[in-house]
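# Structural overview
As a plain string of letters, each chain reads:
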Amino acid sequence: MNRNTVVAKFGGTSLADASQIKKACAIINADPARKYVVMSAPGKRYSEDIKITDMLYKAHAQAKAGEDFSDTLHGIADRYAKIIDGLGITFDLDAEIQEIAERLKAGTAADYPASRGEYINSKIIAAYLGRPFVDAAEGIFFTEAGTLDEARTFSVLGEKLKAYDSAVIPGFYGTGADGQIKTFSRGGSDVTGSIVARSVNADLYENWTDVSGMLCADPRIVKNPRVIEHITYTELRELSYMGASVLHEDAVFPVRQAGIPINIRNTNRSDDAGTLIAASLPEGVTRKTVTGIAGRKGFCSVRVEKSMMNGETGFGAKLLQVFAQKGIPFEHCPTGIDTISVIVNGSAFESRREEILREIKNVLAPDFITIEKGLSAIAVVGAGMVNVKGVAAKIFTALAEAGINIRMIDQGSDELNIIIGVDDADYVSAVNALYKAMMLE
Ligand code: ASP
């Protein structure tokens, strides 16, 4: 791969203290292509630790409630002071903390203090690296509706960064339509990294975190699942939707549009290749049939039965309309000749159960409505399944051999996934059985 320009984003655990920051900076300095680097705020150093961003939100909540926030702010200052000391640089921290205190007293919105975690961290790291600091507020813009103003951002940020051979950019925020600081949702530094990569037309977006890539199954369910070496953007989307988490959801879109691959890497094991996310697999890499397995519990199936339904035009549309009107998105919709099931989030359905059932009866006059709760959906995802014979057979055999009853089957119309519904009680054993059969082949 041509690697002239790489954008490297480092997450909170990669920057949690001075020694982690030194590791990140050694990674940055090891490759001259890593020109533009995006920083999160210091995250947790150990599991009970508190992220700087959470402390900043806390200070804001205290200020808003008219409480004393000085201890919280001292705690934040203390963490940065240790970092500055550990890096052996000089930095005017007091001025930064003072400014936050003043704005908190003046009643600022939460976005401003929340953004200071990445702002201060990036300034410190820029000083340590000897690279220019470029404020995201000057290059990332939101629309009135609160979404990313893509056209303005890509052109302004691209122009701005062109002026520098290298730069350190804080993640997580930009400027809102009102001219004030506005943050993305939590974990949003991933999005900033993607935007920067897109704006400078990078060859690669590296996302440095604390795991050696995306795992092909949930490690809380499957023991030591394999790392996914290669995955397409679409497969990633499917797996993330079904619960696998590795990147902020919105981080894929900016780079995907421009065909820039994303490489998930581990700051603590920098030799590991991690996971490469791209539009297609690199040349010479053979596609695995199944890329990953992910799932979610707590669905509910609403099955509607009516004889001769199949001949009735618009039955399905009317049924889905009932859910749409109640603001309940449907997940799957398997159909039979005279039956149709709508699979929805169980708690969302329960909150409006009576109204929905009344409406279905009014609009469709069905013979029966059957509700089944406690359904888990497991997606077996893989672009390699397209046109491959026997994948479904293997899935069903694995589940049958594990003594698991399949309650629903749904194959995505793009043949990219097969979704199986099982009882919540069977969820863990089903995922393990599928992992063994499909991933350890
Ligand atoms: N610091 C922010 C958060 O904790 C953003 C990020 O780290 O991506 O959510």
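Now for a look at the structure at hand. (Residues numbered from 1 in each chain as written. Predicted model: local features only at pLDDT ≥ 70, side-chain atom pairs only at ≥ 80, totals over all residues. Heavy atoms only, no water.)

### Regarding the overall build of the protein
The helix and strand tally for the protein stands at 14 helices and 15 strands. Taking all contacts inside the protein whose residues are at least 6 apart in sequence as the whole, residues at least 24 apart take part in 74%. A total of about 19,800 Å² of accessible surface is found on the protein, and carbon and sulfur atoms cover 48% of it. Mean positive and mean negative side-chain charge positions of the protein (48 and 56 charges, respectively) differ by 2 Å. (Helix = DSSP H or I, 4+ residues; strand = E, 2+ residues; numbered from the N terminus. Contact = heavy atoms within 4.5 Å. Areas by Shrake-Rupley, 256 points an atom, 1.4 Å probe, with all protein chains shown as cover. Lys, Arg positive; Asp, Glu negative; His and termini not counted. Charge placed at Lys NZ, Arg CZ, Asp CG, Glu CD.)

### A look at the nonpolar core
By size, the foremost hydrophobic cluster in this structure holds 113 residues, and its most contacted members are Val7, Phe10, Leu73, Leu161, Ile169 and Ile395. Among the elements that take part in this core, helix 14 (residues 427-439) stands out by supplying eight residues, more than any other. Non-local contacts of Leu73, meaning those with residues more than four positions away in its chain, are made with Ala59, Ile97, Ile100, Ala101 and Leu104. Formed by 17 residues, the second largest nonpolar core is a distinct cluster that contains Cys300, Leu319, Phe323 and Ile340. (Core = buried A, V, L, I, M, F, W, Y, C linked by side-chain atoms within 4.5 Å. Buried < 20%, exposed > 50% of the residue type's maximum accessible area, 1.4 Å probe, protein only.)

### Overview of the site of the ligand
As a matter of local geometry, the ligand sits amid Ser40, Lys51, Thr53, Glu118, Phe172, Arg186, Gly187, Gly188 and Ser189. One of the backbone N or O atoms of Gly188 is found 3.3 Å from an oxygen atom in the ligand. Here Ser189 contributes a backbone N or O atom positioned 2.9 Å from an oxygen atom of the ligand. For the ligand, whose unbound accessible area comes to 260 Å², protein coverage reaches 92%. For the shell around the ligand, the residue count by class is one nonpolar, five polar and three charged. (Near = heavy atom within 4 Å. Polar contact = N/O pair within 3.5 Å; in protein donor to acceptor, adjacent residues only side chain to side chain. Nonpolar A, V, L, I, M, F, W, Y, C, P; charged D, E, K, R; others polar.)

### So, the sheet that holds strand 14 (residues 408-411)
Spatially, six strands are ordered 11-12-10-13-15-14 in an open sheet, and the strand pairing comes out antiparallel. At either margin of the open sheet sits one strand with a lone partner, and together these are strand 11 (330-332) and strand 14. For this sheet the average axis-to-axis angle between neighbouring strands, irrespective of direction, equals 40°. Pairing between strand 13 (residues 368-381) and strand 15 (residues 417-423): seven bridges, direction antiparallel. Residue pairing in the sheet places Ser376 in a bridge with Val422 of strand 15. (Pairing = 2+ DSSP bridges. Axes fitted to C-alpha atoms, helices over the stretch in contact; angles between N-to-C directions.)

### With respect to the packing of helix 6 (residues 150-162) against helix 7 (residues 189-199)
It is the contact of helix 6 with helix 7, at a shortest axis distance of 8 Å, that shows an interaxial angle of 70°. Here helix 7 runs roughly perpendicular to helix 6, going by the angle between their axes. Together, Thr153, Phe154, Leu157, Gly158 and Leu161 of helix 6 and Ile195, Val196, Arg198 and Ser199 of helix 7 make up the contact between the two elements. Counted by class, the contact of helix 6 with helix 7 contains five nonpolar, three polar and one charged residues. (Parallel < 35°, antiparallel > 145°, perpendicular 65-115°, else oblique.)

### Examining the pairing of strand 9 (residues 275-278)
Along strand 9, one buried face is formed by Thr275 and Ile277 and the opposite face, lined by Leu276 and Ala278, is buried too. Where strand 7 (residues 230-232) meets strand 9, three bridges bridge the pair, whose relative direction is parallel. For His230, the partnering residue across the bridge sits in strand 9 and is Leu276. As paired elements, strand 8 (residues 262-266) and strand 9 share three bridges and run antiparallel to each other. Across the sheet, the residue bridging to Ile264 is Thr275, located in strand 9.

### Regarding the pattern of salt bridges
Scanning the model with the defined rule gives 27 salt bridges in all. Glu305 serves as the salt-bridge partner of Arg303, at 3.7 Å between the closest nitrogen and oxygen. Residue class for Arg303 comes out partly exposed when judged on its relative accessible area of 27%. Residue Asp423 is joined to Arg407 by a salt bridge in which the shortest nitrogen-to-oxygen separation is 2.0 Å. Linking Asp423 in strand 15 with Arg407 in the loop between helix 13 (391-401) and strand 14, this pair joins segments that are 16 residues apart in sequence. Residue class for Asp423 comes out partly exposed when judged on its relative accessible area of 27%. Connected through salt bridges with shared partners, the residues Arg3, Asp31, Arg34, Glu206 and Arg265 form a single ionic network. (Salt bridge = Lys/Arg side-chain N within 4 Å of Asp/Glu carboxyl O.)

### Comments concerning the sheet that holds strand 6 (residues 204-209)
One open sheet accounts for seven strands, arranged 3-2-1-6-8-9-7; its pairing is mixed. If you trace the sheet from one side to the other, it starts and ends with strand 3 (167-170) and strand 7, each paired once. For this sheet, the mean angle separating the axes of adjacent strands, direction not counted, is 20°.

### Let's talk about unusual backbone geometry
Even without being a glycine, Asn201 presents a positive backbone phi close to 55°. Secondary-structure assignment places Asn201 in the loop between helix 7 and strand 6. Positioned with a positive phi, Met308 is a non-glycine residue whose angle comes to about 70°. Accessibility expressed as a relative area gives 65% for Met308, which makes it exposed.

### Remarks on the side chain of Gln20
Looking at where Gln20 falls in the secondary structure, it is placed in helix 1 (residues 18-30). Given a relative accessible area of 11%, Gln20 falls into the buried group. Residue contacts for Gln20: discarding those within four places in its chain leaves Thr13, Ser14, Leu15 and Asn268.

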